[in-house]
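Results of the structural survey
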Amino acid sequence: MVGVLPTGPLNQITDVDGVRVGHVTVTSGDTINTGVTAVLPHGGNIFREKVPAAFVVGNGFGKFAGTTQVQELGELESPVVLTCTLCVPRAADAVMTYLLGLPGNENVRSVNPVVAETNDGFLNRIRLRPITETDVLAAIAGADTGPVEQGSVGAGRGTIAFGWKGGIGTASRRLPEELGGWTVGVLVQSNHGGVLAIDGAPVGEALSGSPYGGPGESAPYPRAGMRPRAGGAARAEPADARWSRQDGSIIMVVATDAPLEHRNLERLARRALLGLGRGGGSMSNGSGDYVIAFSSVPLSRLWDAPRLPNAAMSPIFQAAIEATEEAILNSMFLATTVEGDRGTVEALPLEPTLEVLRRYGVVISRP
């Protein structure tokens, strides 16, 4: 665990009361590696029981559907669905099918599907756009409040983080009662670059033997990272090309049970970007770094509840920073090596990583 605040019981986004998560992983041989992950603020009709929400852009190289209405109205009326870049339109259409089909929505003529993406085109033959309506509806229908599977699953099946296998990760923080007792949970789809740091330890640089942090020819652990198929791109590359590998994207979903309106949810979302930076994320030129934050308290109840004053926000900000940083780490520590369309991406090597953490005093070896 990183940070100073205690976790929730599961240390996952589902520690926020009512929040549900579902996955569908889509694979076919070593060609297709992608999927769908759905986050639901509660188990009811989200269109009828909208929740307050906000959206923040770190670096805008991406295709996050439905965000302008979230920002304009400060509310969310859809599950938040994560998938691959070229699958966004199909996923959005499926979310519309789901919303229009909910009991009580028979006369609805406008819905706002919220669908985010990262590009998994190294491990996934993305041009086939393999996600179907059935996949999206199954992820939503299977969403549950219990433990969330992490790593190379759902929308994280084909993703890459810091040059190693990324994926779906989640974490939570629960404030002590004297600070309000609120819970903040974060779920990420990690597919981004930077130089990996864990609780301040320069893990990426130490494992790669390079200040760029990504695996290179001189890496002390040469199996780490991305290995193109035979006949693919050579591993040796000039420094400027190595910087291009910093590109990628990350989606951060922040949930809380604190009664927050749009303005303070936007402030909360911005703190997730600090968690990304603390772990070494760089929000590079070709990266889509986005945060969507919501309160699980429906708007219909929020108006009758006392809203938190600005002065109460600082501990919640800290919770979002810590949970985001840890969710990214969980997405990597729980990922598995995946062989895909254009090559293989290795999982983060655990024992060498622990060696680095011991060296920098992050993990203390028992005598």
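A short tour of the structure in this document, coming up. All figures in this text were calculated on a predicted structure; none of them were measured in a lab. (Residues numbered from 1 in each chain as written. Predicted model: local features only at pLDDT ≥ 70, side-chain atom pairs only at ≥ 80, totals over all residues. Heavy atoms only, no water.)

Ordered in space as S4-S3-S13-S12-S10-S9, the six strands form an open sheet in which the pairing is mixed. Each of the sheet's edge strands pairs with one partner strand only, and the pair in question is strand S4 (75-76) and strand S9 (167-174). Note that strand S3 (residues 51-60) and S4 share two bridges and pair antiparallel. Across the sheet, residue Val51 finds its bridge partner in S4, namely Leu76. Contacts between helix H6 (residues 262-278) and the sheet are confined to S3, strand S12 (249-256) and strand S13 (288-295), with S3 contributing the most and set at about 40° to the helix. Along the sheet, helix H8 (residues 314-333) makes contact with S9, strand S10 (183-191) and S12, crossing S9 at roughly 150°. (Pairing = 2+ DSSP bridges. Helix = DSSP H or I, 4+ residues; strand = E, 2+ residues; numbered from the N terminus. Contact = heavy atoms within 4.5 Å. Axes fitted to C-alpha atoms, helices over the stretch in contact; angles between N-to-C directions.)

Glancing now at the pattern of salt bridges. When their charged atoms lie close together, side chains carrying opposite charge are able to pair. One pass over the full model with this rule turns up eight salt bridges. Notably, a salt bridge pairs Glu325 with Arg278, separated by 2.8 Å at the nearest N-O pair. Highlighted residues: Glu325 in helix H8 and Arg278 in helix H6, separated in sequence by 47 residues. You can call Glu325 buried: its relative accessible area is 4%. Residue Arg278 is classed as partly exposed on the basis of its relative accessible area, which comes to 37%. Of the charged contacts in the structure, one is a salt bridge between Glu351 and Arg358, with a shortest N-O distance of 3.1 Å. Of the residues examined, Glu351 reaches a relative accessible area of 42% and is grouped as partly exposed. (Salt bridge = Lys/Arg side-chain N within 4 Å of Asp/Glu carboxyl O. Buried < 20%, exposed > 50% of the residue type's maximum accessible area, 1.4 Å probe, protein only.)

Let us now look at the side chain of Asp257. Here Asp257 is to be found in the loop between S12 and H6. Despite its burial, Asp257 remains without a salt bridge, the nearest opposite charge being carried by Arg174 at 5.7 Å. The contact partners of Asp257, leaving out residues within four places of it in the chain, are Val16, Trp182, Thr183, Ser295, Ser296 and Val297. (Lys, Arg positive; Asp, Glu negative; His and termini not counted.)

Our focus in this paragraph is the sheet that holds strand S2 (residues 32-40). Overall, mixed pairing links the four strands, which are arranged S1-S2-S5-S6 in an open sheet. Edge positions in the sheet fall to strand S1 (20-28) and strand S6 (114-118), since each has one partner strand and no second. Each strand axis lies, on average, 15° off the axis of its neighbour in the sheet, ignoring direction. In terms of strand pairing, S1 meets S2 through nine bridges, oriented antiparallel. When the sheet's bridge partners are listed, Thr25 is paired in S2 with Gly35.

With 20 residues, H8 should reach 28 Å at 1.5 Å per residue; the first-to-last C-alpha distance of 29 Å fits that figure. Taken across its 20 residues, H8 has 17 buried, putting it largely inside the fold. (Expected span 1.5 Å × (residues − 1).)

Below, the discussion takes up the side chain of Ser208. Inspection of the secondary structure puts Ser208 in helix H4 (residues 203-208). In this structure Ser208 comes out as buried when scored by relative accessible area, which is 1%. At 2.9 Å, the side chain of Ser208 forms a polar contact with the backbone oxygen of Gly204. (Polar contact = N/O pair within 3.5 Å; in protein donor to acceptor, adjacent residues only side chain to side chain.)

Next up on the list: the environment of Leu82. Locating Leu82 in the fold gives a position in strand S5 (residues 80-84). What makes Leu82 buried here is its relative accessible area of 0%. Between the C-alpha atoms of Leu82 and Thr118, which are 36 residues apart in sequence, the distance is 8.1 Å. Setting aside chain neighbours within four positions, we find Leu82 in contact with Gly35, Val36, Thr37, Ala116, Ala155, Ile168, Leu187, Gln189, Ile251 and Val253.

Core analysis: the largest hydrophobic core is formed by 54 residues, its most contacted members being Val39, Leu76, Val81, Leu82, Val136, Val253 and Phe294. In terms of residue count, helix H2 (residues 88-100) provides more of this core than any other element does, seven residues in total. Residues in contact with Val81, not counting those within four places in the same chain, are Val36, Thr37, Ala38, Ala91, Val95, Val114, Val115, Ala116, Val136 and Ile140. Core analysis: the next-biggest nonpolar cluster, separate from the first, contains 44 residues, Ala201, Leu207, Leu276 and Leu308 among them. (Core = buried A, V, L, I, M, F, W, Y, C linked by side-chain atoms within 4.5 Å.)

Attention now moves to helix H9 (residues 350-359). By the burial criterion, the buried members of H9 are Pro352, Thr353, Val356 and Leu357. The arc that holds the buried residues of H9, viewed along the axis, is 145°, so those residues lie on one side. Residues of H9 that are buried in the fold lie against H4 and H8. Following H9 by one or two positions, Gly361 adopts a phi angle in the positive range, close to 75°. (Arc of directions from axis to C-beta.)

It is worth stressing that arrangement in space is one thing and function is another; only the former is reported here.
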